[in-house]
Amino acid sequence: MKATALEFRLRFLLGVIIYVLGFIAPWNIFLHLDSIRTWQFLAASPARSGWLGFSAATIAVLILGILCALTGAFLRTWASAYLDPSIVKAGTMHGDNVMADGPYRHLRNPLYLGTFFHTFALALLMPPSGAIFCILAIAFIQLRLINAEESFLAAKLGEPYLAYCAKVPRLFPSLTARVPASATQTTWFKALLSEIYMWGVFVSFATLGWRYNSVLIIKGVLISLGISLIIRAFLPKR
């Protein structure tokens, strides 16, 4: 189950389409499903059971969203600092050598794991049916992309990459580094600019979330996306 070259080139567009469908959940019109946000839905469940008040549950879910957004932004920025943002955003696969430094000492796909956490945060702002669709669709696309990239790297780099894969887990990070550190040159500032959208989503949750208004957070997400597109246009290519 590997992504095609076209899927890889259009992976960001496919992600945007999936997120948009998750937010608008057009099938709700025909299925007459509740349009409540997943944030409120999750907060209402423990409140109905009586073991946690609705206000406390709402705060708990918000904190979960903040942590997911922060983890996603951190993982993607950390990985981009070692891999170089121009390669992260490239439309074709690259594999000049085995990347085994920074987060890549703990897991093979920190960028994709960061996207998973980011998706969990955004899903809280969607209707429940849209959240389920989005999480499953993103997971499907991400796993296809991972399989395609790892097959490409195995074919191009051969035994060194296979030995790396044997030591480092694919998506569930090891608490301890599985391979020695190397002298990879990092580009932290460039990575931060490249992942400014992810940080914008975290800031939106962390600041606007305390207004308990999902629409405000969504506006913050859209503003972050717009800013990131402008910055991305000016980032130097390697």
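A quick note: this is a predicted structure, and the numbers were derived from the prediction, not measured. (Residues numbered from 1 in each chain as written. Predicted model: local features only at pLDDT ≥ 70, side-chain atom pairs only at ≥ 80, totals over all residues. Heavy atoms only, no water.)

Inspection of the secondary structure assignment puts A181 in the loop between α9 (159–167) and α10 (188–194). Each C-alpha atom of the pair A181 and S35 lies 49 Å from the other, and the pair is 146 residues apart in sequence. If we ignore the near neighbours within four places in the chain, the residues touching A181 are D101 and R105. (Helix = DSSP H or I, 4+ residues; strand = E, 2+ residues; numbered from the N terminus. Contact = heavy atoms within 4.5 Å.)

With 30 residues, helix α8 (residues 128–157) should reach 44 Å at 1.5 Å per residue; the first-to-last C-alpha distance of 42 Å fits that figure. Backbone geometry just after α8 places G158 at a positive phi near 70°. (Expected span 1.5 Å × (residues − 1).)

Next up on the list: the pattern of salt bridges. The tally for this structure, following the rule as stated, stands at five salt bridges. Notably, a salt bridge pairs R108 with E150, separated by 2.9 Å at the nearest N-O pair. One end of the pair, R108, is in the loop between α6 (85–88) and α7 (110–123); the other, E150, is in helix α8, and 42 residues separate them in sequence. Here the salt bridges do not stand alone but share partners, grouping R76, K89 and E195 into one network. (Salt bridge = Lys/Arg side-chain N within 4 Å of Asp/Glu carboxyl O.)

Time to look at the packing of α8 against α9. Between α8 and α9, the shortest axis-to-axis distance is 6 Å and the interhelical angle comes to 135°. When the axes of α8 and α9 are compared, the pair comes out oblique. Here E150, L153, A154 and L157 of α8 come into contact with α9, specifically with E159, P160, Y161 and L162. Classifying every residue of the contact of α8 with α9 gives six nonpolar, no polar and two charged. (Axes fitted to C-alpha atoms, helices over the stretch in contact; angles between N-to-C directions. Parallel < 35°, antiparallel > 145°, perpendicular 65-115°, else oblique. Nonpolar A, V, L, I, M, F, W, Y, C, P; charged D, E, K, R; others polar.)

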